[in-house]
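Working through the structure, step by step
Listed below are the residues making up each chain.
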Amino acid sequence: MTFQPRKRFAQHWLQSEKTLHQIISAAELSQNDRVLEIGPGTGILTRQLLPLVQSAVAVEIDRDLCQHLAKQLGQTANFLLLQGDFLSLELDALLSAWPAFQHPNKVVANIPYNITGPILEKLLGTINAPAAKPFDSIVLLVQKEVAERLYAQPGSRAFGALSVRVQYLATCELICPVPAKAFHPPPKVDSAVVRLRPRHVEMPADNPRLMGTLIQQGFSSKRKMLRNNLKGLIDRDRLTHLLEQLKLNPQVRAEDLSVANWVALSNQLNTGDLLNRQDTEHITEDTDSAPLP
Ligand code: SAH
């Protein structure tokens, strides 16, 4: 049975055996693993996962696909399918009814690209509220531009607000690039497999909300110097002084600061330093990022 891919659910069926294999091996699965999959689609990845793990729970929004998957995999004892929107689902509460599937420790998924930011936020939490029970690893197929931001190093063009927010919470690696033709229909962009390992934050920010605000404002216009992006927030002389204390050139741009620099900068500030306090922290793609080459 073939399923006509639906645009509104960002459906692109993975067709490449090679990519499937790369995803599976990056997840380093064992019989002790309990996996969470987001958007199983026709189940191409699910079928590969199931024999390798203790259990797998998959969340799929599309009712028709759920019926199909239930017919195909409904008899598989270590598989649980939940129909719904992953973003609004209360996974912990739901899974309390199925103890064998509770507390998945790994995520393996070819996710819908239109909700990548919110999925990352749900899986990792935020700087202000990191996930209470972090996953051991998260292997995702994402669009290439997002992948580049996730594993970018400070000082590179791709290092944006998303990079800092995610790398504060997890280490990120590129596993492999994936060409658009690996999917049916091919998406407009190339893709990549990435692996995130949520980590214990070694140097937690004293005021994570403030750090979130600094990042948001600091990256608001990528071409500008950090001190110009932050001028509505912190007095210019005070910021110059703080940057010098951190051994940073007062003319730096946001992309030149490492995660540790952001933590240190926010730790040096106190709320009295702020000219105009704003509380915003969400994992979204950067609003003013220049297109990558
Ligand atoms: N994993 C499959 C399908 C990937 S396409 C494959 O590799 O071929 C993305 C999948 O996510 C689709 O099945 C789509 O229906 C599902 N999806 C889209 N939005 C979703 C949401 N909010 N919650 C759960 N699943 C979603």
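Let us now look at the site of the ligand. In the vicinity of the ligand lie 22 residues, with Gln11, Gly39, Glu60, Asp85 and Asn110 positioned nearest. Between the ligand and Gln11, the relevant distance is 2.8 Å, taken from an oxygen atom to a side-chain nitrogen or oxygen of the residue. Measuring from an oxygen atom of the ligand, one finds a side-chain N or O atom of Glu60 at 2.6 Å. For the ligand, the protein covers 97% of the area, taking 560 Å² as the surface of the free molecule.

Domain parsing of the protein chain yields domain 1 (8-198) and domain 2 (208-287). Taking the mean C-alpha position of each, domain 1 and domain 2 sit 32 Å from one another. The interface of domain 1 with domain 2 comprises 24 residues on the first partner and 21 residues on the second. Both faces considered, domain 1 and domain 2 share a buried interface measuring about 2,000 Å² in area, 59% of it formed by carbon and sulfur atoms. The interface formed by domain 1 and domain 2 contains 4 residue pairs in polar contact (both at pLDDT 80 or more). Breaking the side of domain 1 that touches domain 2 down by element, the ones donating at least two residues are helix H5 (116-124), helix H6 (144-151) and helix H7 (161-169). In terms of residue count, H7 provides more of the side of domain 1 that touches domain 2 than any other element does, 7 residues in total.

Okay, the environment of Phe135 next. Among the structural elements, Phe135 can be located in the loop between H5 and strand E6 (137-143). When the C-alpha atoms of Phe135 and Arg199 are compared, they prove to be 9.0 Å apart, with 64 residues separating the residues in sequence. When neighbours within four sequence positions are excluded, Phe135 is seen to be in contact with Leu36, Pro104, Asn105, Lys106, Val107, Leu123 and Pro198.

Another point: the nonpolar core. Within soluble globular proteins, side chains that are nonpolar generally end up buried alongside one another. In this structure, Leu36, Leu196 and Trp262 are the most contacted members of the largest nonpolar core, which totals 66 residues. Counting residues per element, this core draws most heavily on H7, which supplies 6 residues. Residues from two domains meet in this core; each of domain 1 (8-198) and domain 2 (208-287) gives at least three. Beyond its immediate chain neighbours, meaning those up to four positions away, Leu196 contacts Leu120, Leu124, Ser137, Ile138, Leu150, Val166, Ala170, Thr171 and Cys172. Judged by nonpolar contacts, the second largest core, of 26 residues, contains Leu45, Leu73, Val178 and Ala182.

Across the interface, H7 lies against helix H8 (residues 208-218) with an axial gap of 9 Å and an inter-helix angle of 155 degrees. Regarding the angle of H7 to H8, the classification is roughly antiparallel. With respect to the hand of their crossing, H7 and H8 are arranged in right-handed fashion. Along the contact surface, H7 presents Ala161, Val164, Arg165 and Tyr168, while H8 presents Met211, Gly212, Ile215 and Gln216. Residue composition of the contact of H7 with H8, grouped by class: 5 nonpolar, 2 polar and 1 charged.

For helix H3 (residues 63-73), every residue scored as buried is listed here: Leu65, Cys66, His68, Leu69 and Leu73. Seen end-on, H3 carries its buried residues on one side only, within an arc spanning 165 degrees. Turned more than 90 degrees from where H3 packs its buried face, Arg63, Gln67 and Lys71 sit exposed. Summarising the contacts, the buried residues of H3 are in contact with strand E1 (13-14), helix H2 (44-49), strand E3 (55-60) and strand E4 (79-83).

Criteria and thresholds
Every chain begins its residue count from 1, and numbering advances along the sequence as written. Per-residue local features are limited, in this predicted model, to residues with pLDDT of at least 70; the limit for side-chain atom pairs, both in listing and counting, is 80 or more; totals at the level of whole chains, interfaces and linings are taken over all residues. Side-chain numbers come from the whole structure's heavy atoms, not from hydrogens or water. For this description, a residue counts as near a given molecule or strand if any of its non-hydrogen atoms is within 4 Å of it. Two N or O atoms count as a polar contact when they lie within 3.5 Å, although within protein this holds only if one can serve as hydrogen donor and the other as acceptor, and sequence-adjacent residues are included solely when both atoms are side-chain atoms. Computed with a 1.4 Å probe, the accessible areas rest on the Shrake-Rupley method; for each residue, only the protein chains presented here act as cover. Each domain's extent was defined by an automatic or database domain assignment. For this analysis, residues touch if any pair of their heavy atoms sits within 4.5 Å. Accessible-area loss on putting two parts together, using a 1.4 Å probe and summing over both, is the definition of buried area adopted here. Helix and strand definitions follow DSSP, with helices as H or I runs of at least four residues and strands as E runs of at least two, each counted in order from the N terminus. Put simply, a nonpolar core is a bunch of buried Ala, Val, Leu, Ile, Met, Phe, Trp, Tyr and Cys residues held in one set by side-chain atoms that sit within 4.5 Å of each other. Residue exposure (1.4 Å probe, protein chains only): buried if accessible area is under 20% of the type maximum, exposed if over 50%, otherwise partly exposed. The angle between two axes is taken between their N-to-C directions and runs from 0 to 180 degrees, where each axis is a line fitted to C-alpha atoms and a helix contributes only its stretch in contact. These descriptions rest on fixed angle ranges, namely under 35 degrees for roughly parallel, over 145 for roughly antiparallel, 65 to 115 for roughly perpendicular, and the rest for oblique. Less than a right angle of anticlockwise turn of the near helix away from the far helix marks a crossing as left-handed, whereas a clockwise turn marks it as right-handed. Gly is placed with the polar residues, together with every amino acid not listed as nonpolar (Ala, Val, Leu, Ile, Met, Phe, Trp, Tyr, Cys and Pro) or charged (Asp, Glu, Lys and Arg). The arc under discussion is defined with respect to the helix axis, by the directions toward the C-beta atoms.

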